[in-house]
Amino acid sequence: SCTPCIEGKFSDDAGASSCSTCPVNTYARGAGNVKCTPCPSGSASGTGSGGCGTCAAGKFAHGKGICDSCTPGKYSAAGAIACIVCAAGTYAPGDTGSCTPCIGGKYSDKNGAASCKGCKAGKYSNSGATGCIDCPGGSYALAGSASCTA
């Protein structure tokens, strides 16, 4: 009698003497499969898999069977196939599902910032700033200030 191919393996040939392993980013659920099914976009699987896993927020599926982390300055939602660059005024340390606005007294002047820079003395910034503002005459600010003091 014939033995059905186990989960993660398949045979598309009549009269086969063995089953083949499903390649990376494909799967064969259950037993007796004649083909492997490609993983849906934003998910991944290793060889010989019975299913695919959705990539978590801060990670992306690039087609190599694993979910990789977003690099600093980028983010992704769950099930992503690529990471998105953070806008100026925000930052992401990497492996995160969103960009965070820079706090008052800090800024990021370029897209894709991994962290925010502090304002120099005599300047200030509000939350989400892309640059620092000079304090008006008659006031001052210490480095990293969110406001000026009269």
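Preceding block: the structure.
All values derive from a computational prediction rather than experimental measurement. Residue numbering note: each chain is counted from 1, following its sequence as written. Two thresholds apply to this predicted model, a pLDDT of at least 70 for residue-level local features and 80 or more for giving and counting side-chain atom pairs, whereas whole-chain, interface and lining totals are computed over all residues. Computation of side-chain values covers all heavy atoms of the structure but excludes hydrogens and water.

## Quick notes on the state of the cysteines
- Our working definition of a disulfide is a cysteine sulfur pair at a distance within 2.5 Å. In this structure the tally under the stated criterion is nine disulfides.
- Note that Cys70 is cross-linked by a disulfide to Cys83, the S-S spacing being 2.0 Å. Taking the torsion about the S-S bond as the criterion, the Cys70 to Cys83 disulfide, at about -85°, is left-handed. One end of the pair, Cys70, is in the loop between β8 (67-69) and β9 (74-75); the other, Cys83, is in the loop between β9 and β10 (84-85), and 13 residues separate them in sequence. Strands are runs of DSSP state E lasting at least 2 residues, helices are runs of H or I lasting at least 4, and numbering of each runs from the N terminus.

## Some words on the environment of Pro72
- In this fold, Pro72 is placed in the loop between β8 and β9.
- Pro72 sits in the partly exposed class, given a relative accessible area of 47%.
- In the structure, Pro72 is positioned 56 residues away from Ala16 in sequence and 49 Å away in space, judged by C-alpha atoms. Per-residue accessibility, obtained with a 1.4 Å probe over protein chains only, is compared with the maximum for each type, and a residue is labelled buried under 20%, exposed over 50%, and partly exposed between these values.

## Some details on the environment of Ile66
- In this fold, Ile66 is placed in the loop between β7 (59-61) and β8.
- With 40 residues separating them along the chain, Ile66 and Lys106 place their C-alpha atoms 35 Å apart.
- The contact criterion used is simple: two residues touch if any of their non-hydrogen atoms lie within 4.5 Å. Apart from the residues lying within four places of it in its own chain, the contact partners of Ile66 are Ala44, Phe60 and Ala61.

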